[in-house]
Amino acid sequence: QVQVVESGGGLVQAGGSLRLSCAASGLSFSNYAMGWFRQAPGEERTFVARITRSGGITGYADSVKGRFTISRDNAKNTVYLQMNSLKPEDTAVYYCAAATRYSTIATTYDYWGQGTQVTVSS
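Structural notes, computed from the coordinates. (Residues numbered from 1 in each chain as written. Predicted model: local features only at pLDDT ≥ 70, side-chain atom pairs only at ≥ 80, totals over all residues. Heavy atoms only, no water.)

**Some details on the overall build of the protein**
To keep things clear, this is the line we draw: A helix here means a DSSP run of H or I that spans at least four residues, while a strand means a run of E at least two residues long, and both kinds are numbered starting from the N terminus. Restricting the calculation to C-alpha atoms gives the radius of gyration, and the globule rule supplies 2.2 Å times the number of residues raised to the power 0.38. Buried means the residue's accessible area, taken with a 1.4 Å probe over protein chains only, is under 20% of the maximum for its type, while exposed means over 50%, and partly exposed covers the values in between. Between two residues, a contact is recorded if the distance between any of their heavy atoms is within 4.5 Å. Only the protein chains shown count as cover for residues, with accessible areas throughout obtained via the Shrake-Rupley method and a probe of 1.4 Å. Charge counting follows a simple rule: Lys and Arg are positive, Asp and Glu are negative, and His as well as the terminal groups are ignored. Where a charge lies is defined by one atom per residue type, namely NZ (Lys), CZ (Arg), CG (Asp) and CD (Glu).
Looking only at helices and strands, one finds 0 helices and 11 strands in the protein. Element order for the protein, N to C, with α for helix and β for strand: β-β-β-β-β-β-β-β-β-β-β. In summary, the protein has a C-alpha radius of gyration of 13 Å against a globular reference of 14 Å for 122 residues, a match within 12%. The buried share of the protein, reckoned over its 122 residues, is 43%. The contacts of the protein with a sequence gap of at least 6 include a subset with a gap of at least 24, amounting to 57%. As displayed, the protein offers around 6,100 Å² of accessible surface, 45% of which is attributable to carbon and sulfur atoms. Side-chain charges in the protein split into 11 positive and 8 negative, and the spacing between the mean points of these groups amounts to 8 Å.

Dropping the structure here:
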C-alpha cells in the first residue's frame, strides 16, 4: 500500500529555518510530481510548492517564494521543503502529496501524508 510520511516539523523562532522531509513508499516515486500544502486552523488548505518528476522544474506560492525551496531525491523516495526566514503566518500543518501531474490544485493529488505541525513564534 502507498504511504506518504512527513517529518521535521516543530517550533521555531521568527526568522529561523526548518527542513521538512517526506518519505514515500508503495508507489513508483519517480513517476509522480510532488507537492507541499499547508493548512492553518479555520483556513482552507493552500498550495505551497511543487516539483516535477525529475526535479527539473519547481513552483511556489507567492507567499513563500524566495524563502522556501522544494527538492527531491528519487533514489531515496524523498521530497524536502527547506523553509528559511520563517514568519508567524507560516504556522500551519504541512502536508506532502503525490500527483500524476505537476499541479497547484489539491484535488488533483492522489496520495497524501498525515501532516506535520510547523509553529513559528514571534
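Okay, back to it.
**With respect to the sheet that holds strand β3 (residues 18-25)**
Inclusion rule: Paired strands, as defined in this entry, are two strands with at least two bridges between them according to DSSP. An axis is simply a line fitted to the C-alpha atoms; with a helix, the fit covers only the stretch in contact. Between two such axes, the angle follows the N-to-C directions and lies from 0 to 180 degrees.
Pairing is antiparallel in the open sheet, where 4 strands are placed in the order β1-β3-β8-β7. What marks the edges here is a single partner per strand, and that holds for β1 (3-7) and β7 (68-73). With strand direction ignored, the average angle separating the axes of adjacent strands in the sheet is 15°.

**Description of the nonpolar core**
Short version of the rule: Nonpolar cores were defined as sets of buried Ala, Val, Leu, Ile, Met, Phe, Trp, Tyr and Cys residues, with membership established by side-chain atoms within 4.5 Å.
Ranked by size, the top nonpolar core spans 36 residues in total, and within it M34, W36, V79, L81, M83 and Y94 carry the most contacts. Taken together, the elements giving at least two residues each to this core come down to β3, β4 (33-39), β5 (46-51), β7, β8 (78-83), β9 (92-99) and β11 (116-121). At 6 residues, β9 tops the list of elements feeding residues into this core. Each residue touching M34, except ones within four places of it in the same chain, is listed here: C22, F29, A49, R50, I51, I70, R72, V79, C96, A97, A98 and Y109.

**Considering the pattern of salt bridges**
Rules: Put simply, a salt bridge is a Lys or Arg side-chain nitrogen that is within 4 Å of an Asp or Glu carboxyl oxygen.
According to the stated counting rule, one finds 3 salt bridges in the structure shown. The partner of D90 in a salt bridge is R38, with the nearest N and O atoms 2.9 Å apart. Here D90, found in the loop between β8 and β9, pairs with R38, found in strand β4; they are 52 residues apart in sequence, far enough to count as distant. We note that D90, like R38, is buried. Salt-bridge contacts for D90 lead to R67; the nearest nitrogen and oxygen are separated by 2.8 Å. Pair noted here: D90 is in the loop between β8 and β9 and R67 is in the loop between β6 (58-60) and β7, with a separation of 23 residues, a long-range link.

**Things to note about the state of the cysteines**
How we decide: Working definition: a disulfide is two cysteine sulfur atoms within 2.5 Å of each other.
Across all of its chains, the model carries 1 disulfide by this definition. The side chain of C22 participates in a disulfide bridge whose partner is C96; the two sulfur atoms lie 2.0 Å from each other. The S-S bond linking C22 to C96 shows a torsion near -80°; that makes this disulfide left-handed. Here C96 lies in strand β9 and C22 lies in strand β3, a separation of 74 residues in the sequence. C96 matches C22 in its accessibility class, with the two residues each being buried.

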